[in-house]
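Structure assessment
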Amino acid sequence: MKQLIVVVAVVEVLVGSGRGRTAWTAELKVMQTQKTKDALVALKSETGQWKPGKNAFVLEFTSPSGQPIDAGKVTLSTSMAMPGMAPMVAGATLSSDKAPGRYLGTIDFPDSGTRQVTVSWDGPAGKGSTKFSVPVR
Ligand SMILES: [Cu+2]
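Residues numbered from 1 in each chain as written. Predicted model: local features only at pLDDT ≥ 70, side-chain atom pairs only at ≥ 80, totals over all residues. Heavy atoms only, no water.

Our next topic: the overall build of the protein. For the protein, the helix and strand inventory stands at one helix and nine strands. The order of α-helices and β-strands along the protein, N terminus first, is α-β-β-β-β-β-β-β-β-β. Within the protein, buried positions represent 30% of all 137 residues. Counting only contacts in the protein whose residues sit at least 6 apart along the sequence, the fraction spanning at least 24 positions is 51%. (Helix = DSSP H or I, 4+ residues; strand = E, 2+ residues; numbered from the N terminus. Buried < 20%, exposed > 50% of the residue type's maximum accessible area, 1.4 Å probe, protein only. Contact = heavy atoms within 4.5 Å.)

Moving on to the sheet that holds strand E2 (residues 40-45). The strand order across the open sheet formed by five strands is E1-E2-E3-E7-E6, and the pairing between neighbours is antiparallel. Whereas interior strands pair on both sides, the edge strands pair on one side only; in this sheet they are strand E1 (29-35) and strand E6 (93-96). Ignoring strand direction, the axes of neighbouring strands in this sheet form an average angle of 20°. (Pairing = 2+ DSSP bridges. Axes fitted to C-alpha atoms, helices over the stretch in contact; angles between N-to-C directions.)

To continue, consider the packing of aromatic side chains. On inspection of all chains with the given rule, the structure shows four aromatic pairs. Between Trp50 and Phe57, the ring centres sit 5.6 Å apart and the planes meet at 65°, which makes this aromatic pair edge-to-face. Neither Trp50 nor Phe57 differs from the other in exposure class; each is buried. Feature note: the residues Trp50, Phe57 and Phe109 constitute an aromatic cluster, connected by ring pairs. (Phe/Tyr/Trp six-rings, centres within 6.5 Å; stacked < 30°, edge-to-face > 60°.)

For Ser63, the location among the structural elements is in the loop between strand E3 (53-62) and strand E4 (73-80). Note: C-alpha distance between Ser63 and Ala125 (62 residues apart in sequence) is 8.9 Å.

Take the side chain of Asn55 next. By the element assignment, Asn55 lies in strand E3. In contact with Asn55, not counting residues within four places along its chain, are Gln49, Trp50, Gly105, Thr106, Ile107 and Phe109.

Strand order across the open sheet formed by four strands is E5-E4-E8-E9, with antiparallel pairing between neighbours. The strands lining the two open edges of the sheet, one partner per strand, are strand E5 (88-91) and strand E9 (126-136). Strand-to-strand twist in this sheet, taken as the mean axis angle between neighbours without regard to direction, amounts to 20°.

We now examine the side chain of Ser45. With respect to the helices, strands and loops of the structure, Ser45 is situated in strand E2. Taking the relative accessible area as the measure of exposure, Ser45 reaches 1% and is therefore buried. There is a polar contact of 3.5 Å between the side chain of Ser45 and the backbone nitrogen of Gln49. (Polar contact = N/O pair within 3.5 Å; in protein donor to acceptor, adjacent residues only side chain to side chain.)

Further remarks concern the pairing of E3. The buried count for E3 comes to seven of ten residues, which makes it a mostly enclosed element. Note: E3 against strand E7 (residues 102-109), eight bridges, orientation antiparallel. What sits directly across from Asn55, in E7, is Ile107.

What follows covers the environment of Gly128. Tracing the chain through its elements places Gly128 in strand E9. A C-alpha to C-alpha distance of 8.9 Å links Gly128 and Lys37, two positions 91 residues apart in sequence. Among residues more than four places away in sequence, those in contact with Gly128 are Val119, Ser120 and Trp121.

Dropping the structure here:
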């Protein structure tokens, strides 16, 4: 019985730490998918939404056939048209994840409103960019 309890405890520790480490692979909601000639770009996050303040998200690049692709250097920038003012611009900080084709990002928004998002990449699988809009609310 004592042994069983130890085994259960060990499993719990493994599951627990695994959950912490792989928080991003668990149940991410798709915010946007964009198809280009050579790549499918998916923007995902835990809540499936961006809000004012700091946001964490994931960008995933796959080939049209669904294989992860190394997008190389990736940038994500956003812009919001402000009446009578210069557009409000915010860029993301991105780093590549261990998983191929996967990038982890954070971005900070000072207010709500719809953002025009531009994602660009330049890597072994080619170069490209795509634009789409995402509400911040
Ligand atoms: Cu604004």
